[in-house]
Amino acid sequence: MMLMVSVQNLEEAKESVAGGADIVDVKNLKEMVIGSNFPPVIREVRQAFPKHIHVSVTLGVVPNQAGTVSLAVYGAGALGATSVKVGFIQSDYPTALRILRESRRALEGFDTKLIAATFADSHLYHGIDPKLVVKLARESRSDGMLIDTLVKDGRNLFDFLDEVTLKSLVMEGKELGMSTALSGALQISNLNQLVRINPDIVGVRGAVCTRGDREAGAVHSEAVAHLKDELRQRLTGQIDAFEGSLPIPTTLPA
Amino acid sequence: MSRESLVVDGTAKTCKGVIAGLERGMSDLAPGDVVLAIVDDIPTRVDVYAWAQRKSHRVLEERRRGSGFLFYIAKGVAGSQPRSEEMYGDPVRVEGERAETTLHSEAPR
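None of the values given here were measured: they were computed from a predicted structure.

### Comments concerning the overall build of chain A
Per the secondary structure count, chain A includes eight helices and eight strands. Burial status across chain A gives 58% buried among its 254 residues. In chain A, 67% of the contacts between residues at least 6 apart in sequence involve partners at least 24 apart. Just so you have it, chain A exposes about 10,300 Å², and 52% of that area is on carbon and sulfur atoms.

### Some details on the overall build of chain B
Of the regular secondary structure elements, chain B holds three helices and five strands. Written out in order from the N terminus, the α and β elements of chain B read β-α-β-α-β-β-α-β. Looking at chain B residue by residue over its 109 residues, the buried ones come to 50%. Once local pairs closer than 6 in sequence are excluded, the contacts in chain B between residues at least 24 apart make up 74%.

### Focus on the sheet that holds strand 7 (residues 179-182) of chain A
Residues and elements named next belong to chain A. Read around the barrel, eight strands follow the order 1-2-3-4-5-6-7-8 and close on themselves; strand pairing throughout is parallel. Going across the sheet, the axis of each strand differs from the next one's by a mean of 25°, ignoring polarity. Pairing analysis gives five bridges linking strand 4 (residues 83-87) to strand 5 (residues 113-119), with the strands arranged parallel. Within strand 5, the residue paired with Val84 across the bridge is Leu114. Set on the sheet, helix 1 (residues 10-19) makes contact with strand 1 (2-7) and strand 2 (23-26); between it and strand 1 the angle comes to about 160°. Relative to the sheet, helix 4 (residues 93-106) contacts strand 4 and strand 5, its axis offset from that of strand 5 by approximately 160°.

### A look at the environment of Ala74 of chain B
Residues and elements named next belong to chain B. Secondary-structure assignment places Ala74 in strand 4 (residues 68-74). On the basis of relative accessibility, which here comes to 9%, the residue Ala74 falls in the buried class. Considered as a pair, Ala74 and Val35 are 39 residues apart in the sequence and their alpha carbons are 6.4 Å apart. Those residues in contact with Ala74, other than ones at most four positions away along the chain, are Met26, Gly32, Asp33, Val34, His57, Arg58 and Leu60.

### Some details on the interface of chain B and chain A
One widely used convention gives an interface's size as the accessible area the parts lose upon coming together. Counting residues at the interface gives 26 residues for chain B and 31 residues for chain A. For the chain B face of the interface with chain A, the top three residues by lost area are Lys13, Cys15 and Pro43 of chain B, together amounting to 23%. Note that Asp47 of chain B and Lys167 of chain A form a salt bridge whose closest N and O atoms lie 2.5 Å from each other. Where chain B packs against chain A, one counts eight residue pairs in polar contact (both at pLDDT 80 or more).

### Here we look at the pattern of salt bridges
Under the counting rule described, the total for this entry stands at 23 salt bridges over all chains. One salt bridge connects Arg234 of chain A with Glu230 of chain A, and the closest N-O pair in it is separated by 2.8 Å. Taken together, the residues span about one helical turn, with Arg234 of chain A and Glu230 of chain A both in helix 8 (residues 221-235) at a distance of four residues. Judged by its relative accessible area of 10%, Arg234 of chain A is buried. Of the residues examined, Glu230 of chain A reaches a relative accessible area of 16% and is grouped as buried. A salt bridge links Lys55 of chain B to Glu23 of chain B; the shortest N-O distance between them is 3.3 Å. Separated by 32 residues along the polypeptide, Lys55 of chain B in the loop between helix 2 (42-54) and strand 3 (58-65) and Glu23 of chain B in helix 1 (residues 18-26) bring together distant segments of the chain.

### What to know about the side chain of Arg196 of chain A
Residues and elements named next belong to chain A. By secondary structure assignment, the location of Arg196 is in helix 7 (residues 191-197). Judged by relative accessible area, Arg196 falls into the buried class, the value being 18%. Apart from residues no more than four positions distant in its own chain, Arg196 is found in contact with Glu163, Lys167, Ala241, Phe242 and Glu243.

Analysis parameters
For every chain, the first residue of the written sequence is number 1, and numbering continues from 1 along that sequence. Key to labels: chains lettered from A, ligands numbered from 1, both in the order written. Only residues with pLDDT of 70 or above have their local features reported here, since the model is predicted, and side-chain atom pairs are shown and tallied only from 80 upward, although totals for entire chains, interfaces and linings are computed over all residues. As a rule here, side-chain values cover all heavy atoms of the structure and leave hydrogens and water aside. Here a strand is any run of E in DSSP of at least two residues, a helix any run of H or I of at least four, and the numbering for each starts at the N terminus. Think of it in three bands: residues with accessible area under 20% of the maximum for their type are buried, residues over 50% are exposed, and the middle band is partly exposed, with areas taken using a 1.4 Å probe on protein chains only. Two residues qualify as a contact provided that any one of their heavy atoms is within 4.5 Å of a heavy atom in the partner residue. Areas reported as accessible are Shrake-Rupley estimates using a 1.4 Å probe. Residue values count occlusion only from the protein chains shown. Any two strands with at least two DSSP-identified bridges between them are counted as paired. With axes taken as lines fitted to C-alpha atoms, and helix axes fitted only over the stretch in contact, angles between N-to-C directions fall between 0 and 180 degrees. Throughout, the accessible surface (probe 1.4 Å) given up by two parts as they are put together, summed over both, is called the buried area. Whenever Lys or Arg places a side-chain nitrogen within 4 Å of a carboxyl oxygen from Asp or Glu, that contact is recorded as a salt bridge. Within 3.5 Å is the distance limit for a polar contact, defined as a pair of N or O atoms, with the added protein rule that one can donate a hydrogen and the other accept it, and that residues adjacent in sequence qualify only through two side-chain atoms.

This is the structure:
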């Protein structure tokens, strides 16, 4: 499981990588809560790290305009982003699918992965059903799927979708060959559930910011390292994320 | 001669995990062909068992390798459901020694 940390600038990106993040996700909190950052910032972050450090670009909540969105996606490809995330809120399914298909076409010739994103809390905005994300990604030939949240009011992913539903979506996505990612105000206290669901990528910001504040705080390397270590302990079984109910053979000698 | 037809190495740091690699790899194999899967964490180990059961493949054997795990999985016949004890019970042979494995197939991206 890879750790993705959302950053707003190069300084935060460096803190993230120093703390052990596998992916830095460049976004701009001043545009919506998960908006897009400026090309020079993305370029600067991309150029600061070797290729094994993934740099993803968030387009956040995109307008229902396939041309505009695909041009932005093209920009992410041209900037050398590892992946670009296209999120939908007030889009119907056919519109979202058309935008992603045009985005797919825009990335031809680039080594940038396309990620279809929905929001677990989209019902608050009369948006697209988050559970359609796998279908959306498959039908658009996206490389991966992400489920995030938009509200940043103390509620998180698990307030809107339960573990069983998320596990099912993640397994379905994996079986279709997609990368699978979960995000949405996740905290260390959610790590047991996340490890049981086992997405390929888990995304955080507030949990690794000073004072735990995703907006007023800044990403701090020690907080990233702490979260990474907590995750590692669960992945290796030092902390039992399955809480005594591991559904497989447990008597493996060292 | 190796018993496996394909090796899926899930230990590399990639966005797509071992299940995606197993799905892709199995699609080109015949029923009964064996895949060696290498994983390095507990939840992926759980996923491999769950995936094999869902897809009617058989976990023939599981071994420790360092801090990780090796699985030998035989491709099943579509529609045949393995007995649950084949997936979770005694028939899974577990060995503790470090396995010697020759990787003769490219790992997934």
